[in-house]
Amino acid sequence: MHNIFETLQYDPDLTIDEYNYVTKEVFLKHFKDETTFLKNKELLRTELVNYIKYIAKKEKFEQLFEKVLKVFNDAIAKDKNKVIKELALNLLKISKTDSLYLAYYIRQPKDFSSYSPREFAEYHFDVIYEILESCYKPRIELFYKIYTFDKDGVLPDTAGKNFGDTLNLINWFDELTKDPILNIVFSQWRNIATHKDFEIGKNSIKVEYGQKDNRKTKTLNHNQLKEITFYIHSVYNALRLAEVIIYLNYTEEIMATDEVKSIAFNIRSEASLLHIIHNIQTVGFEFHSLNDKKNIFILNLYIKKNNDLQESVIHASQVFTKLAMALDNDELQKDKFDEIQINILDKNDVVMASAKIDIKSCIDYSFGKINMNQLIENIAYKIESRGSQIENSVGSILEHTLN
């Protein structure tokens, strides 16, 4: 068995069975039953990456993740209907945190080699603000409500409470409220980063925080700032993962509430594409790039490790409907594209094969307006090296795997 915990990089030797085995070992115990777990198995393969990077390698984060999960489960055991309603009321706000986190992640620099120590420190303060304000704050507010309900049997009104108030009211959870190096509350770190209340020196950084009549200063070195930033990332991901699992466990109940029926969801396509591409890689493809040409959305993949060109392009085309739904669910993308194309590249980045379909057919299939045979008829396969299209006799293969 490949040790998946040793790498987060693409590895052609990883198999779908290995991912499924580790995903089951990590997550099944946190689901109310195996059926619910299996329904979310593909999504959990991506969550496995977050788990490995931020939680699994540090025992304290694993314990925090389980401790947060227990609070939610204990509250549900006390009064499931009340907690489900609260989860439904917060669904839109919570779901937006993933889009914001992903947008932040996409925007961050990929190469820090040219950064000076000052620029690198400023970058860390920007990260601290982005994570705490846009992502952590909504999720910790939900946790505070459920935590209070579990403890006192009352769902509190947070309308008059600010970020700092909420953190100060979460007792017995110091891991969720302050850093372990300077013991500065996260709301103060947010303020430090927002108002740029810091002075960056060559070997040290001074931060200032607190009310006007009670200002405090502390000094840390550059490596400590980096550690605090990673700690905030890790705490956020432990909290987030626990909440994700709770929402996945009770999706059907949440979506059936009156609170959700009136919500108009707009899911950023990046969030959906992240899961789609990760799952493509687990079945043997290596992701190359995304691009567009006029009204065509294009996904470029390297040929599968078995080097079978026809099998690669047929297998890749199985994600057409998922790609179409990802684009259609994004208000900024849904009217931009009419077709989707998947290119299969060799190791020299030359297109060897392709498959193309119109988005409308994929949407119609997803909503049961056309059947699988009609969907397959609209896919145009082409092997570039042979200069001819693959015949639709491959439909039997697609019908077996698309189902």
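The model shown is predicted, which means the values in this text are computed figures rather than measured ones.

Q: So what's going on with the packing of helix H5 (residues 80–89) against helix H7 (residues 117–152)? Which residues, and what values?
A: H7 packs onto H5 with a crossing angle of 170° between their chain directions and a minimal axis gap of 11 Å. The pairing of H5 with H7 is recorded here as roughly antiparallel in orientation. Here H5 contributes Lys-82, Val-83, Glu-86 and Leu-87 to the contact with H7, which in turn contributes Leu-142, Lys-145, Ile-146 and Phe-149. Grouping the constituent residues of the contact of H5 with H7 by class yields five nonpolar, no polar and three charged.

Q: With reference to specific residues and values, describe the pairing of strand E5 (residues 296–302).
A: For E5, the buried fraction is high: seven of the seven residues fall into the buried class. Judged by which residues are buried, E5 turns out to be covered on both faces: Ile-296, Ile-298, Asn-300 and Tyr-302 on one side and Phe-297, Leu-299 and Leu-301 on the other are all buried. In this structure, strand E4 (residues 286–293) lies alongside E5, joined through seven bridges in antiparallel fashion. Directly across from Lys-293, in E5, lies its bridge partner Ile-296. In sequence, E4 turns back onto E5 through a hairpin of two residues, with Lys-294 there showing a positive phi of about 55°. Direction of pairing for E5 relative to strand E6 (residues 339–345): parallel, over a ladder of seven bridges. When the bridges of E6 are listed, Ile-296 appears paired with Glu-339.

Q: Give a description of the pattern of salt bridges that names residues and reports values.
A: Scanning the entire structure with this criterion turns up 23 salt bridges. Here Glu-47 makes a salt bridge to Arg-240, at a shortest N to O gap of 2.8 Å. Pair noted here: Glu-47 is in helix H3 (residues 41–56) and Arg-240 is in helix H10 (residues 222–249), with a separation of 193 residues, a long-range link. For Arg-240, a relative accessible area of 8% corresponds to the buried category. With its nearest N and O atoms 4.0 Å apart, the salt bridge here joins Glu-199 to Lys-206. By relative accessible area, which is 35% here, Lys-206 ends up partly exposed.

Q: Give me the packing of aromatic side chains: which residues, what numbers.
A: Scanning the model with the defined rule gives 19 aromatic pairs in all. Note on Tyr-101 and Tyr-236: the rings are 5.6 Å apart at their centroids and 25° apart in plane angle, and the pair reads as stacked. In this pair, Tyr-101 sits in helix H6 (residues 91–107) while Tyr-236 sits in helix H10, placing the two residues 135 residues apart along the sequence. Assigned by exposure class, Tyr-101 and Tyr-236 land together as buried. Between Phe-125 and Phe-198, the ring centres sit 3.9 Å apart and the planes meet at 0°, which makes this aromatic pair stacked. Separated by 73 residues along the polypeptide, Phe-125 in helix H7 and Phe-198 in strand E1 (residues 198–200) bring together distant segments of the chain.

The rules behind the values
Residues numbered from 1 in each chain as written. Predicted model: local features only at pLDDT ≥ 70, side-chain atom pairs only at ≥ 80, totals over all residues. Heavy atoms only, no water. Axes fitted to C-alpha atoms, helices over the stretch in contact; angles between N-to-C directions. Helix = DSSP H or I, 4+ residues; strand = E, 2+ residues; numbered from the N terminus. Parallel < 35°, antiparallel > 145°, perpendicular 65-115°, else oblique. Contact = heavy atoms within 4.5 Å. Nonpolar A, V, L, I, M, F, W, Y, C, P; charged D, E, K, R; others polar. Buried < 20%, exposed > 50% of the residue type's maximum accessible area, 1.4 Å probe, protein only. Pairing = 2+ DSSP bridges. Salt bridge = Lys/Arg side-chain N within 4 Å of Asp/Glu carboxyl O. Phe/Tyr/Trp six-rings, centres within 6.5 Å; stacked < 30°, edge-to-face > 60°.

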